[in-house]
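Architecture at a glance
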Amino acid sequence: MLFHQATDLIIKGLPVHLKRILLYFVLRMRMRKGCHFILGGLLFFGIACSSEEASNSPEMAQLLEFVVKHKNPASMELVKRVTDSTYANIQQKRSLDPYEYYDIQSWYARCAQDNPKALKYADSMILSLKGLQGVQGMYAHALNTRGIVLKDQHLYNEALKQFYAAEIYTNTFLDSCASSEIFKNIGVMLYEQQNYPRAIDYVRKALAGARTCNESNHTTYFIQLQSCLNLIGLCYEKKEQLDSARIYYKQALEFLASRPKSYPNDAGFAELASGVVLGNLGNTEMLAGNFGLAEKYLSESVRINLKPDYDFPDAVLTQIKLGEVFVTQGEIERADSINFYLMRNVPRLTKPEGHARYLLFLKNLNDAKNEKLLAYKYFEAYRELRDSLNFAARQLARIDIEDALLHLSKLDELENLKTETEQRNFYLGLSLVLVFGLFVILMLIRRNLRDSRAHVQILNNLNKEVQEQNSKLMDAMDELEKSQADIQRMLGTVAHDLRSPIAGIVSLTDLLEFDDIPEETKKEQIIMIKRLANDSLEFMEDLLNMRSSVDEANKTQVDLLELAKYSERFMQLKADEKEQKIIVSGDHVQVMAVRDMIWRVLNNLLSNAVKFSYPKGTILINVFKEENEGVLSVKDNGIGIPDTLKKEVFEMLSKNKRMGTEGEKPFGLGLVICKQITEAHGGTINYESKEGHGTQFFMRFPLKKSKLREE
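What this report covers is the structure whose coordinates are included nearby. (Residues numbered from 1 in each chain as written. Predicted model: local features only at pLDDT ≥ 70, side-chain atom pairs only at ≥ 80, totals over all residues. Heavy atoms only, no water.)

A look at the environment of Asn 185
Here Asn 185 lies in helix α10 (residues 176-192). Placed 41 residues apart in sequence, Asn 185 and Asn 144 show a C-alpha to C-alpha distance of 7.8 Å. (Helix = DSSP H or I, 4+ residues; strand = E, 2+ residues; numbered from the N terminus.)

If you want it as structure tokens, here you go:
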């Protein structure tokens, strides 16, 4: 009521600039239920203050004709491809071209079930209308589009706010034709909520509004009217009032049949829409037990929508219904024939409801074929998908749509009452506008001051972070310098340890060139060359393994006892050279580890035991559990570790290296690698040793329940 009074005041000859200010003020007071209403007020203020005329370019007009003919889910990729190409090639875009482009893109995103992108395009539709004249109908459509996307995202309360905003806007600026789309969208929500009686009431309002539209408008008259008739038929079908459902389906078909006679350009769309309605009519006849009629209507629907660029998803859904007719009639071979086609095409459906119906069809088909196990499998899959769909339905069911709309209406009435006194006197209203403007300025000043303080605080925090980063950088530089020093020391160690064996090899090969050297001496020299080369290779292998790391995905269950036995067989050949014996004992203990890495650790420990044990000595390997750990020990009766060297056992660059009992050359890296690998597995390694009485190393690994790596 208040809004119309304000509009009357504007019409009664106020100056143009005052009209514009008051129009914005009144519309802003009318629409303050959410940010989208504020956006609506700002948009209309821009429209009132602008002189730009809304129009489309010739290229966009041609594109819209193409889209009208091909705008169905089966042709969505074609429509998007042509839309992108055409829009990119428009040299001089006009004011409405972006709006039409975003409208098509929002439709495509909804078909592709990319609702976040669809919402962005809907918002872009609203923003693209800013500053244009004569776009009230498009603005209402943009609000409706935004509401549909929010509904698809299950944001039902927000969707209802959008529909209500569109209704208020339509009632204010447009006629009952424009309200048709709003009432239908609310009816769809009630239909999805399974409130079929109230859904019928709203869709009938939509139908009445559509009948007032200009018949030359394809979208508002033709598409809207036939879809309302079809939706009312669906509601009656769900209410099991099949006779009423037939009446509305046949009205829709009669309307679609008459369309091509008057509008030949709409013939393709009329046939496509007829295919959808025939599929619904066939489903009604199937529910009524009229299987002959059901087969006739369903087959015709499939024939139509299997045409190129027609509604292929609807054709697939209709074939599922046709398969259900055959199963019900016991025509299993025909049902199997339908299923052969469905198996290839059902995966192309984007909506889960179609997949659920197909699973139920497979369950019934296998029941009819007495394939109980398969039937049960499909029923379980159907039930799981149905539960997922029911969850979304329960969210919608918790909302009383009519109460929500009534609540919004009451809020609107309350807003009208609050502002009624302000509109009794124009000058008082204008004063309030000025006060409001001053208040906004003060708020902006206050916000800027607050933001300035916040920015100062942010700068202080950033400065503090920079200082902290500088400190960390200095620490990193110190670590880098230390690491560089370690690398230099390591390179010196490598050069020193490799120079001797390589020099020995060169010397021995020089001696081999003399012909007067006895064969026995040559063999000894070759053996020495081989030993020096093996020592060098062993040293290089230790270097390559310095940075061993563990990938959790590569872990498997490792039996430590079996691994010890395998390593014993591998190392016994080396032990035989010193007439030593390796004995393995203990329990089967399973740990999660990378087998090759643990084997490498065990081989290093065994190699050291052989190297530092006396000939004919015995090396003992034992595997056992100790609390929550698996333990693997290697014990020898060799030379042991003196107290002066115990602190350097696990150090990489220790200079105190000792020769083996037969002069074997050490490299000082093996135990470092053992420690790294063990700790990378979450374990520990330590030892007990006494000089002259041997050494015993202990590797401990946690016993944790872990999932086996998939082979």
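Here we look at the pattern of salt bridges
Considering all chains together, one arrives at 19 salt bridges under this definition. A salt bridge links Asp 123 to Arg 146, with the nearest nitrogen and oxygen atoms 2.5 Å apart. Of the two residues, Asp 123 is situated in helix α7 (residues 115-128) and Arg 146 in helix α8 (residues 136-152); the sequence distance between them amounts to 23 residues. Here Glu 679 and Lys 675 are joined by a salt bridge, their closest N and O atoms 2.7 Å apart. In this pair, Glu 679 and Lys 675 are both assigned in helix α25 (residues 670-680), 4 residues apart and thus about one turn of the helix distant. Accessibility expressed as a relative area gives 44% for Glu 679, which makes it partly exposed. Three or more residues are tied together by salt bridges with common partners; here these are Asp 243, Arg 246 and Glu 285. (Salt bridge = Lys/Arg side-chain N within 4 Å of Asp/Glu carboxyl O. Buried < 20%, exposed > 50% of the residue type's maximum accessible area, 1.4 Å probe, protein only.)

So, the state of the cysteines
Applying the stated criterion across every chain, the model contains 1 disulfide. Cys 228 carries a free sulfur, and the closest cysteine sulfur to it, the one in Cys 213, is 9.4 Å from it. Given a relative accessible area of 0%, Cys 228 falls into the buried group. (Disulfide = S-S within 2.5 Å.)

Considering a positive patch on the surface
Side chains of Arg 446, Arg 447, Arg 450 and Arg 453 sit close together on the surface and give a patch of like positive charge. Mapped onto the fold, Arg 446 is located in helix α21 (residues 426-512). (Patch = residues over 30% accessible without salt bridge, like charges linked within 9 Å, V, L, I, M, F, W, Y side chains within 5 Å. Areas by Shrake-Rupley, 256 points an atom, 1.4 Å probe, with all protein chains shown as cover. Lys, Arg positive; Asp, Glu negative; His and termini not counted. Charge placed at Lys NZ, Arg CZ, Asp CG, Glu CD.)

Examining the environment of Val 591
With respect to the helices, strands and loops of the structure, Val 591 is situated in strand β5 (residues 590-593). Taking relative accessible area as the criterion, Val 591 reaches 3% and is therefore assigned buried. In this structure the C-alpha to C-alpha distance between Val 591 and Leu 703, which are 112 residues apart in sequence, comes to 5.9 Å. Look past the residues within four positions of Val 591 in its chain and what remains in contact with it is Thr 556, Gln 557, Val 558, Leu 560, Phe 701, Pro 702 and Leu 703. (Contact = heavy atoms within 4.5 Å.)

Some words on the packing of helix α15 (residues 291-305) against helix α16 (residues 312-328)
Running from N to C, α15 and α16 point in directions that differ by 155°, and their axes come no closer than 9 Å. Taken together, the axes of α15 and α16 are roughly antiparallel relative to one another. The two elements α15 and α16 cross, and the hand of that crossing is left-handed. From α15, Phe 291, Ala 294, Glu 295, Leu 298, Ser 299, Ser 301, Val 302 and Asn 305 reach across to α16, where they touch Phe 312, Asp 314, Ala 315, Thr 318, Gln 319, Lys 321, Leu 322, Val 325, Phe 326 and Thr 328. Of the residues in the contact of α15 with α16, the class split is 9 nonpolar, 6 polar and 3 charged. (Axes fitted to C-alpha atoms, helices over the stretch in contact; angles between N-to-C directions. Parallel < 35°, antiparallel > 145°, perpendicular 65-115°, else oblique. Left-handed = near helix turned anticlockwise from the far one by under 90°. Nonpolar A, V, L, I, M, F, W, Y, C, P; charged D, E, K, R; others polar.)

In short, geometric facts, not functional conclusions.
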